[in-house]
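In case you want the letters, here they are:
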Amino acid sequence: MSFKKVDLSELSINPFNLIGKQWMLLTGGNMENFNTMTASWGQLGVLWNKNVLTCYIRPNRYTYEFVENGDFFTASFFGEEYREALKFCGAHSGRDCDKAKEAGITPAEFDGSVGFEEAQLVLVCKKLYSGGIREDAFLTDDGLYAKFYGSDPLHKAYIAEITAAYIRQD
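Please read these numbers as outputs of a predicted model, since none were measured by experiment.

Caption draft 1: Main features of the overall build of the protein. Along its length, the protein carries 5 helices and 10 strands. Whereas a compact globule of 170 residues would reach a radius of gyration of roughly 15 Å, the protein reaches 16 Å, a difference of no more than 12%. Taking the principal axes of its C-alpha atoms as reference, the protein extends roughly 50 × 40 × 30 Å. A total of 170 residues make up the protein; the buried ones form 41% of that total.

Caption draft 2: Molecular detail of empty space enclosed by the protein. Going through the model one piece at a time under the given rule, you end up with 1 cavity of 30 Å³ or more. If you add up the space inside the largest cavity, you get close to 40 Å³. Gln 22, Phe 78, Gly 79, Glu 80, Tyr 82, Arg 83 and Leu 86 are the residues that line the largest cavity. When grouped by side-chain class, the residues that make up the lining of the largest cavity number 3 nonpolar, 2 polar and 2 charged.

Caption draft 3: Up close: the layout of surface pockets. If you add up the space inside the largest pocket, you get close to 290 Å³. Along the walls of the largest pocket sit 13 residues, with Met 37, Thr 38, Ala 39, Ser 40 and Arg 61 positioned nearest its centre. Going through the elements one at a time, β3 (33-39) and α3 (83-91) are the ones with two or more residues in the lining of the largest pocket. The class makeup of the residues in the lining of the largest pocket is 6 nonpolar, 4 polar and 3 charged.

Caption draft 4: Molecular detail of the pattern of salt bridges. Going through the model one piece at a time under the given rule, you end up with 7 salt bridges. Among the ionic pairs, Lys 50 bridges to Glu 161, the shortest N-O distance being 3.6 Å. Of this pair, Lys 50 sits in strand β5 (residues 50-57) while Glu 161 sits in strand β10 (residues 156-169), and the two are 111 residues apart along the sequence. According to the relative accessible area criterion, Lys 50 is partly exposed, its value standing at 31%. The class of Glu 161 is partly exposed, set by a relative accessible area of 22%. Ionic pairing is found between Arg 83 and Glu 80, a salt bridge with its closest N-O pair at 3.1 Å. Here Glu 80 falls in the exposed class, since its relative accessible area comes to 52%.

Caption draft 5: Local environment of helix α2 (residues 62-69). Along α2, the residues that are buried comprise Thr 63, Tyr 64, Phe 66 and Val 67. Within α2, the buried residues cover an arc of 165° as seen down the axis, which keeps them to one side. Buried residues belonging to α2 abut β2 (24-30), β3, β5, β6 (72-77), β9 (121-132) and β10.

What counts and how
For every chain, the first residue of its written sequence is number 1, and the numbers climb from 1 along that sequence. Reporting in this predicted model follows two pLDDT cut-offs: at least 70 for local features of residues, and 80 or more for side-chain atom pairs to be given and counted; totals over whole chains, interfaces and linings ignore these cut-offs and use all residues. By convention in this description, side-chain values take in all heavy atoms of the structure and omit both hydrogens and water. In DSSP terms, a helix is any run of H or I states spanning at least four residues, a strand is any run of E spanning at least two, and both are numbered starting from the N terminus. With C-alpha atoms as the basis for the radius of gyration, the globule rule is written as 2.2 Å multiplied by the number of residues raised to the power 0.38. With a 1.4 Å probe rolled over the protein chains alone, any residue whose accessible area is under 20% of its type maximum counts as buried; one over 50% counts as exposed, and the rest are partly exposed. Cavity: a set of points on a 1 Å grid over the protein atoms alone where a 1.4 Å probe fits but cannot get out. Pocket: an open set with protein on both sides within 12 Å along at least five of seven lines, its lining residues, like those of a cavity, having an atom within 4 Å of a point. Grid points are joined across faces, edges and corners, and a volume is the space filled by probe spheres set on the points. Three classes are used: nonpolar for Ala, Val, Leu, Ile, Met, Phe, Trp, Tyr, Cys and Pro, charged for Asp, Glu, Lys and Arg, and polar for all others, with Gly counted as polar. Take a side-chain nitrogen of Lys or Arg and a carboxyl oxygen of Asp or Glu: if they are within 4 Å of each other, that pair is a salt bridge. The arc in question is the one traced by the directions running from the helix axis out to the C-beta atoms. A contact between two residues is defined here by any heavy atoms of the two lying within 4.5 Å.

Below you can see the structure in the form of structure tokens.
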């Protein structure tokens, strides 16, 4: 597969569909050592006069270590034909298996970071800010906190500048 680097203004995407329905693989590390995870929570927008992606990772996820310890990560978006691969990457830990190999996706280098050859879109992201979700910061008592956290660790949010966008050329 080949990819074309494009300006973000050339993309016509619906972030609600792209992230919430299609999902994404967040990948930290480099070609020698990386991990990826499926995510369906996040935002695309503008902050601090920069085009940004915000994503959320629980500290017990293996990918957390890679994103936390690096300056860059990627967000890879796939067509529906890769739904099972994304389900696999969301249900298995890279501590226990080679997720990319078992999911049938091929790692590829994007500006020193790792994305996937089968992706339709790969965003290269440079971390700008991170901070933890806090129980005491919830402003509603409608069960939101209990529904999404209970005994699970709270997510850490990463706000990252999108430094490059690559679309697959078929």
